[in-house]
Amino acid sequence: MVKIAPSILSADFVNLERDISRARDADYLHVDVMDGAFVPNLTIGVPVVQSIRKCTDMFLDVHLMIDKPVRYIEAFAQAGADLLSVHLEADHPTRIAQALDLMEQCGVKRAVALRPITSANAILPYVERLDLVLVMTVEPGFGGQAFMESQLDTIRQVRAIIDKYNPACELEVDGGINRTTAPLVSAAGANVLVAGSAVYGADDVPAAIRALREAAEG
Ligand code: DX5
Ligand code: ZN
């Protein structure tokens, strides 16, 4: 079963509660945190996650596109995140491992994220202790970019590693996911699909979520 994770980056921030409620039939709510350093864009931080937590029971999948994320794990966990993903490119391996330790201590699910330039093998030191691997299918930083078909190979390679070492781990993809690309990533082995513009760019958000699910499940 494929899971759909609408990204609120494409929501109307003035009407965030309304837009979150429109996504309630989805599986996860994807929250993009950007620091203007790891990526050029700036988005939301801890207080907004705290407010979101108060207005929904949805599973909060918080994607940290920030340098040295180990500094903020406890804060985002306390704010109400259910899962945190840290980018493998955002710090030294020992500090990534520390970030995963902190997630465990805080009782949140553990994920690592890969920029398109990062190879699937980079997850090998961590895979056995992960709940999810996030493969970016665009360069992180902005919504509405075109899907990078070259990432299908990375998805297939990550799927093979997960199946070998930790079959319970989920494989999420993020960037340019729509009704056309959903079946491709699903066939390559992804089981959680993030979608920003394909969900919030639609007039009927629940219908867009259903359409993505149907497209992915063929
Ligand atoms: C991009 C973010 C994505 C973004 C995806 O860096 O990580 O979650 O919202 O947007 P779409 O689905 O429009 O490509
Ligand atoms: Zn994201």
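Check the entry above for the structure.
What you see is a predicted model; the values in this text were computed from it and never measured.

Conventions and cut-offs
- Residues numbered from 1 in each chain as written.
- Chains lettered and ligands numbered in written order.
- Predicted model: local features only at pLDDT ≥ 70, side-chain atom pairs only at ≥ 80, totals over all residues.
- Heavy atoms only, no water.
- Pairing = 2+ DSSP bridges.
- Helix = DSSP H or I, 4+ residues; strand = E, 2+ residues; numbered from the N terminus.
- Axes fitted to C-alpha atoms, helices over the stretch in contact; angles between N-to-C directions.
- Contact = heavy atoms within 4.5 Å.
- Near = heavy atom within 4 Å.
- Polar contact = N/O pair within 3.5 Å; in protein donor to acceptor, adjacent residues only side chain to side chain.
- Areas by Shrake-Rupley, 256 points an atom, 1.4 Å probe, with all protein chains shown as cover.
- 1 Å grid on protein atoms, 1.4 Å probe; cavity = no way out; pocket = protein on both sides within 12 Å on 5 of 7 lines; lining within 4 Å.
- Sits in = over half its atoms within 2 Å of the grid points.
- Nonpolar A, V, L, I, M, F, W, Y, C, P; charged D, E, K, R; others polar.

Draft legend 1. Representation of the sheet that holds strand 3 (residues 59-65). The strand order 1-8-7-6-5-4-3-2 describes an open sheet built from eight strands, whose pairing is parallel. Of all strands in the sheet, those bounded by a partner on one side alone are strand 1 (3-6) and strand 2 (28-34). The mean inter-strand angle of the sheet, taken between neighbouring strand axes irrespective of direction, is 25°. In this sheet, strand 8 (residues 192-195) lies alongside strand 1 in parallel orientation, the contact comprising four bridges. Bridged to P6 within strand 8 is A195. Its contacts with the sheet place helix 4 (residues 93-106) against strand 4 (83-87) and strand 5 (109-114), and it is angled at close to 150° to strand 5.

Draft legend 2. Fine view of the site of ligand 1. Taken together, 20 residues sit near ligand 1, with S7, G141, D174, G196 and S197 positioned nearest. G141 places a polar main-chain atom, nitrogen or oxygen, 2.7 Å from an oxygen atom of ligand 1. A distance of 2.8 Å separates an oxygen atom of ligand 1 from a polar backbone atom of G176. The protein chains hide 100% of the 380 Å² of surface that ligand 1 would expose on its own. Assessed atom by atom at 2 Å from the grid points, ligand 1 resides in the largest pocket. Of all the elements in the fold, those that place two or more residues in the shell around ligand 1 are strand 2, strand 3 and strand 8. Classifying every residue of the shell around ligand 1 by side-chain character gives eight nonpolar, 10 polar and two charged.

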